[in-house]
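# Coordinate analysis (summary)
Take a look at the letters that make up each chain.
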Amino acid sequence: MQFDTEACTRSDGPSILLIEPEQVVRSALDYILRERYQTHAFASVDDAMTSSRETPDVVLVGIAILRERGEAVLEELIKVFASPKILLIAERNSDPFVQIGLEQGAHGVISNPISFSSVCEAVRIALGAPISHDGPSGLIPVRFD
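Read on for an overview of the structure. In this text, all values refer to a predicted model and were calculated from it rather than measured experimentally.

## Notes on the pattern of salt bridges
Tallied over the entire structure, the rule returns five salt bridges. Among the salt bridges present, the one from Asp30 reaches Arg34, with a minimum N-O distance of 3.9 Å. By relative accessible area, which is 1% here, Asp30 ends up buried. Its salt-bridge partner being Arg124, residue Glu121 comes within 3.0 Å of it at the nearest N-O pair. Of this pair, Glu121 and Arg124 are both found in helix α6 (residues 116–126), three residues apart, which corresponds to roughly one turn of the helix. Each of the salt bridges in this network shares a partner with another, and the network as a whole consists of Asp46, Arg69 and Glu76.

Okay, here's the thing in structure tokens:
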């Protein structure tokens, strides 16, 4: 199943850039976020950098991107997109690339189990909302400047 991400995005509110090579994960995350945010989903960093029309408030990056391109990709994203909040998307928090990403400038991690509430809560916190302690969250808050 494919979603037409550009046709379904909101025109107001914060902008979310989603870079995830796995189409199923990308589509699911886009579906979760597009009701609340302007979402722009891409399979690669290169596509995101050449196609993005605006500076995103939050960038979600699949951990596979770090495996492919190395940790320098986060510095590149920070430089190109004027220091957005970066959240990594990983199957598990114990992935060695998660720690590398956090050390290189990522602000947090969204990990399995991924759900509507965990993804929306992670993005909400990245945008500056207070951390809710009402239930478990898939976000590991690291630092929010």
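## Let's talk about the packing of aromatic side chains
By convention here, two paired aromatic rings are described through the distance between centres and the angle between planes. On inspection of all chains with the given rule, the structure shows one aromatic pair. Consider the rings of Tyr31 and Phe116, whose centres lie 6.0 Å apart with planes at 75°: the pair is edge-to-face. Here Phe116 lies in helix α6 and Tyr31 lies in helix α1 (residues 23–33), a separation of 85 residues in the sequence. What makes Tyr31 partly exposed here is its relative accessible area of 41%.

Quick notes on the rules
- Residues numbered from 1 in each chain as written.
- Predicted model: local features only at pLDDT ≥ 70, side-chain atom pairs only at ≥ 80, totals over all residues.
- Heavy atoms only, no water.
- Salt bridge = Lys/Arg side-chain N within 4 Å of Asp/Glu carboxyl O.
- Buried < 20%, exposed > 50% of the residue type's maximum accessible area, 1.4 Å probe, protein only.
- Helix = DSSP H or I, 4+ residues; strand = E, 2+ residues; numbered from the N terminus.
- Phe/Tyr/Trp six-rings, centres within 6.5 Å; stacked < 30°, edge-to-face > 60°.

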